[in-house]
Amino acid sequence: MVDFALIVHSETWAGAAAVISALRGPELPPISIEDVREIVPWIPPRALCRVTVESAKGQRVHGICIDCFIPPDRLGGPFLRENLARVREAAAYAIRERARIVSLGGFSSILLEGRMDILPQHPETAFTTGNTLTVALIIRGLERALEFAGRTLGESNVLIVGASGDVGSGCARCLAPRVGKLLLCARNSDRLHRFASEFSGLGVPVEADTDLLNLTPKADVVICAASATGPIGMMRSLPPGAIVCDAGYPKNFPPAFAPPGGAVFFGGLAQASAGIRLDPDLLAVIYPYPLPNVAHACLMEGITLAMERRFEPFSQGRGSITPERVDEIWRIADSHGIGLPPLFNGEGLVSVPRMAQELSS
């Protein structure tokens, strides 16, 4: 029996090629992207490596990382049934490994939002989307970015893209009492406006719109929690000094399109201060980040719960993330040394400028 299992997949074809080349070993030549595109759709879910994570309290938890090999260009609706079958097979693999708790990483948690019951069930294995810890790390990333910028949430107009999803709605519930104005955007109009009505009694201005470009000129802070690549035009319509937290999967925006005087950073990531070890060592292949011991918070939630010996479905993916649950999982994670890494994006560490200095230069 292992403490946890992590279900992952590659976000890009380059990432998939790196994983396959690492599994083939250094004695064989790297495999081409063209060959990877042909191979990946035929690879069934399988274990990539064993994982050991240290707690700041001194104990260790042991797990397994399972790649469900969803092709990076098949994340859309036409491949829903195929991708669900892959995640179900990966879940069955985790059960066969006798994992006590399983975290759904990346797009797998989006696929199962509100549909956790379609996973295979076993009395000794719990499944969590990991989205509650993801929300906690997004909020703390914004707080740090705003601190660097010399600003506060209370004076910020915060736009949440993907607001009616599990992560987006959790961020909105946590931030609504704390921001100057809440701007909500999602594709489904009825669902979006029903969700926006939750905040009518808080006294904070709330605006909801399915057209992103109606909201971006009014936003100085953006959380991207959508499962689609965002238009570059959105970035160009943001005001100077805007701070963008890209927590989407795949990533919503290229960091090169940061607003003038603003910044784009990756949100929803966690760092284990006492260390993560993979056997074989694929951490830099799976997470080619400029910092050590960093992984998606959705995966770290399962690890955190394993450290606490709480093998339970903490996050179920039904839009039910509350500030109380976010605070609870954050306290648990923090006690084990799992916290917010320095801010970074695809180009490296992020320096968030102070808007007044930038605009006056």
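One can find the structure itself at the top, above this paragraph.
The rules behind the values
Residues numbered from 1 in each chain as written. Predicted model: local features only at pLDDT ≥ 70, side-chain atom pairs only at ≥ 80, totals over all residues. Heavy atoms only, no water. 1 Å grid on protein atoms, 1.4 Å probe; cavity = no way out; pocket = protein on both sides within 12 Å on 5 of 7 lines; lining within 4 Å. Points joined across faces, edges and corners; volume = space filled by probe spheres on them. Helix = DSSP H or I, 4+ residues; strand = E, 2+ residues; numbered from the N terminus. Nonpolar A, V, L, I, M, F, W, Y, C, P; charged D, E, K, R; others polar. Pairing = 2+ DSSP bridges. Contact = heavy atoms within 4.5 Å. Axes fitted to C-alpha atoms, helices over the stretch in contact; angles between N-to-C directions. Polar contact = N/O pair within 3.5 Å; in protein donor to acceptor, adjacent residues only side chain to side chain. Buried < 20%, exposed > 50% of the residue type's maximum accessible area, 1.4 Å probe, protein only. Arc of directions from axis to C-beta.

A short note on empty space enclosed by the protein
- According to the stated counting rule, one finds two cavities of 30 Å³ or more in the structure shown.
- A volume near 110 Å³ is recorded for the largest cavity.
- Of all the elements in the fold, those that place two or more residues in the lining of the largest cavity are β1 (2–8), β2 (46–54), β13 (276–279), α9 (283–286) and α10 (297–307).
- Across the lining of the largest cavity, the residue classes break down as 14 nonpolar, no polar and no charged.
- If you add up the space inside the second largest cavity, you get close to 60 Å³.
- Lining the second largest cavity are 13 residues, with Phe266, Gly267, Leu269, Leu340 and Leu343 positioned closest to its centre.
- Secondary-structure elements contributing two or more residues to the lining of the second largest cavity are α5 (131–149) and β11 (263–266).

Re the sheet that holds strand β14 (residues 294–296)
- Strand order across the open sheet formed by three strands is β14-β12-β15, with antiparallel pairing between neighbours. Each of the sheet's edge strands pairs with one partner strand only, and the pair in question is β14 and β15 (338–339).
- Here strand β12 (residues 269–272) pairs with β15 via two bridges, running antiparallel. Bridged to Ala272 within β15 is Ile338.
- The sheet contacts of α10 involve β12, β14 and β15, and relative to β14 the element is tilted by about 100°.

Comments concerning the environment of Thr129
- When you line up the elements, Thr129 lands in the loop between β5 (126–128) and α5.
- Along the backbone, Thr129 and Asp67 are 62 residues apart, and their C-alpha atoms lie at a distance of 16 Å.
- Those residues in contact with Thr129 that lie beyond four places of it in its chain are Leu104, Ser109, Met116, Asp166, Cys298, Ser315, Gln316 and Gly317.
- Separated by 3.2 Å, the side chain of Thr129 and the backbone nitrogen of Asn131 make a polar contact.

Observations concerning helix α7 (residues 189–196)
- Listed in full, the buried residues belonging to α7 are Leu192, Phe195 and Ala196. When α7 is viewed along its axis, its buried side chains cluster within an angular range of 100° and face the same direction. α7 presents Asp190 and Arg194 as exposed residues on the side facing more than 90 degrees away from its buried surface.
- Those residues of α7 hidden inside the fold are in contact with α6 (166–175), β7 (181–185) and β8 (206–208).
- N-cap assignment for α7: the residue whose side-chain oxygen lies 3.3 Å from the backbone N of Asp190 is Asn188.

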